[in-house]
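Overview (structure and organization)
Each chain is listed here by its residues.
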Amino acid sequence: MIINKTMTTWKKLITLIAILLCCDCSIQKQEKKEPTDYYETKPDIEEEPEEPIIEKFEHKIHSEYVKSLQVGIPSIQIGEPCISISNNENIQINFDLIQEDPSPVQYEIIHCDINWERSDLMDMEFINGFTTNYIENYQLSYGPIDQYVHYDFNLPNENIEFLKSGNYIVKIYYENESNNPLMTIKIFVSEQSSTINFSLLPTNDMEQKKYLQAYELSCSFDPNKVDDPYSNLFVNIQQNHQEFDQQWISQPNFIRENSIVYLPNDDRIFNGGNEYRFFDISSFRSGSQKVNKISFEDNSYQIILKKEPKRSYKQYLEYKDLDGKFFIRSYDCSVAETQAEYGIVHFELPMKKISNQDIYIFGQLSNWSTDEKYKMQYDSIKQTYFKNILLKQGHYNYLYVTKDQNGISTRTLEGAHYDANNEYIIKLYYRDPIGLYDRLLAYQVFKINT
């Protein structure tokens with residue numbers, strides 16, 4: 001009996017020790033759990049930083065209701081979208097909205113860097129006034145078949161004064177719909193503190209000598225106001241406002257006193273191109289240049305242009321053009337802005353279909369872009385490309401360009417000639433390390449006859 005009691009006692013001790021060990025493990029597990037109390041400190045979790053959203057702009061019409069957009073100096077119908085910050089100049093922006101009644105329309109001014117991304121400047125640093133305003137000048141059309149509202153405004157104005165030079169975007173939208181713009185427009189404010197010299201030369205490539213235009217240029221600058229011109233000065237060159245083959249150059253060949261010099265090389269060349277095609281629809285009642293027929297069908301004017309073939313291998317013919325621009329006018333009414341008619345213009349390019357390439361109508365009438373609205377379709381029965389576009393009465397320039405995975409070309413359909421007359425737009429930028437923005441020192445246009 002004494003042995004049995006001893007064994008029972010040991011069993012109780014072993015059971016008690018086992019219970020204590022289990023309790024200790026349970027307590028340790030509970031201590032390792034995250035605190036459930038809201039106010040208790042939680043362990044720090046490293047979060048990946050969010051990448052900043054880069055806002056980049058382009059010169060583009062976003063709405064199908066916007067027509068006849070023109071940007072330039074008011075006194076010149078085909079002026080440039082640039083003003084000098086030191087002169088009393090204005091840029092006038094005017095356009096039509098195809099609608100029956102006026103709508104409140106606003107615009108916003110945005111300062112950008114040379115890449116057309118929003119700059120780091122605060123609003124008060126580049127604008128004296130309000131960056132967002134209403135377009136107060138508008139008129140309802142009177143008389144035409146297609147009703148529209150004509151809007152126009154000037155920059156700067158009583159609400160806006162530009163304080164800094166550089167690239168600017170004008171975003172236009174219906175009231176309180178800034179996230180859904182009607183259009184975004186590029187304009188330029190220049191200091192005009194530099195003089196640019198630009199000239200064309202024959203290329204050294206003997207095989208392409210008849211087709212290419214080489215160039216050399218020099219730009220003056222103030223050494224006391226420009227730090228490190230080799231790294232901080234950038235030149236942009238456009239031929240006829242064509243962004244698709246624009247060139248950026250930096251690091252000049254040498255600096256001579258207060259001038260940077262860029263000498264010709266194999267990369268500094270442009271296709272000579274060709275003179276722009278044109279047509280005149282200033283009157284729907286009488287005959288016009290390059291127009292085959294005008295009729296009134298389906299409650300609208302139908303303008304059939306004369307068929308003109310591709311000019312790839314045709315001899316160069318010199319004549320004065322508008323380098324891709326257009327201007328509005330009407331011989332059928334007294335006030336073209338609000339009384340001119342709209343008509344559907346029928347473009348036709350007779351040729352065999354090109355594989356792996358699309359064809360677009362290009363010029364100011366396409367807002368200098370290869371938008372899908374201006375992409376031509378192919379009629380395999382007639383073996384011709386065609387496109388119909390609603391345009392206002394006036395005089396128009398245009399080209400046919402091809403687009404594929406390698407880019408955009410005017411040479412495929414329009415040919416290239418060293419003798420062609422082109423307009424070159426030169427812009428000189430200075431990346432100011434002190435002001436922390438891209439200044440536009442000069443904006444200059446060269447109309448060159450080789």
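Within each chain, residues carry numbers counting from 1 in the order of the written sequence. Per-residue local features of the predicted model are confined to residues with pLDDT of at least 70, and side-chain atom pairs are confined, for both listing and counting, to 80 or more; whole-chain, interface and lining totals are unaffected and use all residues. With hydrogens and water stripped out, all remaining heavy atoms of the structure feed into the side-chain values.

Remarks on the overall build of the chain
Strands here mean DSSP runs of E at least two residues long; helices mean DSSP runs of H or I at least four residues long; both are numbered from the N terminus. Of regular secondary structure, the chain possesses five helices and 31 strands. Every one of the 450 residues in the chain was classed for burial, and the buried ones make up 47%. At a minimum sequence separation of 6, the contacts of the chain that also span at least 24 residues come to 73%. Reported accessibility uses the Shrake-Rupley method at a 1.4 Å probe radius. Residues are deemed covered only where the shown protein chains occlude them. Of the roughly 25,300 Å² of accessible surface on the chain, 48% is carried by carbon and sulfur atoms. Each residue's exposure class comes from its accessible area (1.4 Å probe, protein chains only) as a fraction of the maximum for that residue type: buried when under 20%, exposed when over 50%, partly exposed otherwise. Note on contacts: a residue pair qualifies if any of its non-hydrogen atoms lie within 4.5 Å across the two residues.

Things to note about the sheet that holds strand 30 (residues 422-432)
By the convention used here, strands pair only if DSSP detects at least 2 bridges between them. Here four strands make up an open sheet; going across it, the order is 16-15-30-31 and the pairing antiparallel. The open sheet terminates on both sides in strands that have one partner only, identified here as strand 16 (242-249) and strand 31 (437-448). Within the sheet, the average angular offset between the axes of one strand and its neighbour, ignoring direction, is 20°. Only the stretch in contact is used when a helix axis is fitted, and all axes are lines through C-alpha atoms; the angle between N-to-C directions ranges over 0 to 180 degrees.

Structural notes on unusual backbone geometry
With an omega dihedral of -5°, the bond running from Leu-155 to Pro-156 counts as a cis peptide bond. Relative to the elements of secondary structure, Pro-156 occurs in the loop between strand 9 (149-155) and strand 10 (160-162). Even without a glycine there, the phi angle at Trp-116 is positive, about 60°. For Trp-116, the position within the fold is in the loop between strand 5 (105-112) and helix 2 (123-126). According to the relative accessible area criterion, Trp-116 is buried, its value standing at 10%. Its identity as a non-glycine residue notwithstanding, Asp-298 has a phi of 55°, on the positive side. Within the secondary structure layout, Asp-298 lies in the loop between strand 21 (291-297) and strand 22 (300-305).

Digging into the sheet that holds strand 24 (residues 342-350)
Spatially, the five strands line up as an open sheet ordered 21-22-24-27-26, and their pairing is mixed. Single-partner strands in this sheet number two, and they are strand 21 and strand 26 (377-379). Averaged over neighbouring strand pairs, the angle between their axes works out to 30° when direction is ignored. Of the pairings in the sheet, the one linking strand 24 to strand 27 (residues 384-392) comprises nine bridges and is antiparallel in character. Within strand 27, the residue paired with Leu-349 across the bridge is Tyr-385.

Remarks on the nonpolar core
As used here, the term nonpolar core means buried Ala, Val, Leu, Ile, Met, Phe, Trp, Tyr and Cys residues forming a set that is joined through side-chain atoms within 4.5 Å. Counting residues in each nonpolar core, the largest one holds 32 residues, and the members touching the most others are Ile-93, Phe-95, Leu-155, Phe-162, Val-170 and Ile-172. Broken down by secondary-structure element, the contributors of at least two residues to this core are strand 2 (66-72), strand 4 (91-97), strand 5, strand 9, strand 10, strand 11 (166-174) and strand 12 (183-190). Among all residues touching Ile-172, those that are not within four sequence positions of it are Ile-93, Phe-95, Val-105, Gln-106, Tyr-107, Ile-135, Phe-153, Pro-181, Leu-182, Met-183 and Ile-185. Counting 29 residues, the second-largest nonpolar core is a separate cluster that includes Phe-284, Tyr-374, Tyr-396 and Tyr-398.

What to know about the packing of aromatic side chains
For Phe, Tyr and Trp, where Trp contributes only its six-membered ring, two rings pair if their centres lie within 6.5 Å, and the inter-plane angle classes them as stacked under 30 degrees, edge-to-face over 60, or tilted in between. In the structure shown here, the tally under the stated rule is 26 aromatic pairs. Arranged with centres 5.0 Å apart and planes meeting at 20°, the rings of Phe-326 and Tyr-396 form a pair that is stacked. Placement of the pair is Phe-326 in strand 23 (residues 326-328) and Tyr-396 in strand 28 (residues 394-404), with a sequence separation of 70 residues. Among the aromatic side chains, those forming a connected cluster through ring pairs are Phe-279, Phe-326, Phe-347, Tyr-396, Tyr-398 and Tyr-400.

A closer look at the confidence of the model for the chain
When pLDDT is averaged across the chain, the result is 89; 87% of the residues are at 70 or more. Scored below 50 in pLDDT, residues 1-7 shows zero contacts in the model against residues more than four places distant or in partner chains. Within a predicted model, pLDDT stands for the predictor's per-residue confidence, ranging from 0 to 100. The model gives residues 25-42 a pLDDT under 50, and that stretch makes two contacts with residues more than four places away or in other chains.

With respect to the pattern of salt bridges
Each salt bridge in this description consists of a side-chain nitrogen of Lys or Arg and a carboxyl oxygen of Asp or Glu lying within 4 Å of one another. Counted by the stated rule, this structure contains 17 salt bridges. When the shortest N-O distance is used, the salt bridge between Lys-375 and Asp-358 registers 3.6 Å. In this pair, Lys-375 is assigned in the loop between strand 25 (358-362) and strand 26 and Asp-358 in strand 25, connecting sequence segments 17 residues apart. Counted as one network, the salt bridges with shared partners bring together Arg-277, Lys-290, Glu-308, Arg-311 and Glu-414.

Observations regarding a negative patch on the surface
A patch consists of residues exposed above 30% relative accessible area that lack any salt bridge, with like charges linked at up to 9 Å and nonpolar side chains (Val, Leu, Ile, Met, Phe, Trp, Tyr) linked at up to 5 Å. Two residue types count as positive, namely Lys and Arg, and two as negative, namely Asp and Glu; His and chain ends fall outside the count. Taken as the charge centre is NZ of Lys, CZ of Arg, CG of Asp or CD of Glu, depending on the residue. A grouping of Asp-205, Glu-207, Asp-266 and Asp-267 is seen on the molecular surface, where their side chains present a negatively charged patch. Here Glu-207 shows up in the loop between strand 13 (196-201) and strand 14 (212-220). Overall, the relative accessible area of 70% leaves Glu-207 in the exposed class.

Digging into the environment of Asp-205
As for its position among the elements, Asp-205 is in the loop between strand 13 and strand 14. The spatial distance from the C-alpha of Asp-205 to the C-alpha of Asp-266 is 8.1 Å, given a sequence separation of 61 residues. Here a polar contact is taken to be a pair of N or O atoms separated by no more than 3.5 Å, where protein atoms must pair a possible hydrogen donor with a possible acceptor and residues adjacent in sequence count only if both atoms sit in side chains. Side-chain polar atoms of Asp-205 contact the backbone nitrogen of Glu-207, separated by 3.1 Å.

Side note on the side chain of Asn-240
Relative to the elements of secondary structure, Asn-240 occurs in the loop between strand 15 (233-239) and strand 16. For Asn-240, a relative accessible area of 2% translates into the label buried. A polar contact is formed between the side chain of Asn-240 and the side chain of Asn-422, at a distance of 3.0 Å. For Asn-240, the residues in contact, after removing those within four places along its chain, are Tyr-276, Asp-323, Trp-368, Asn-422, Glu-423 and Ile-425.

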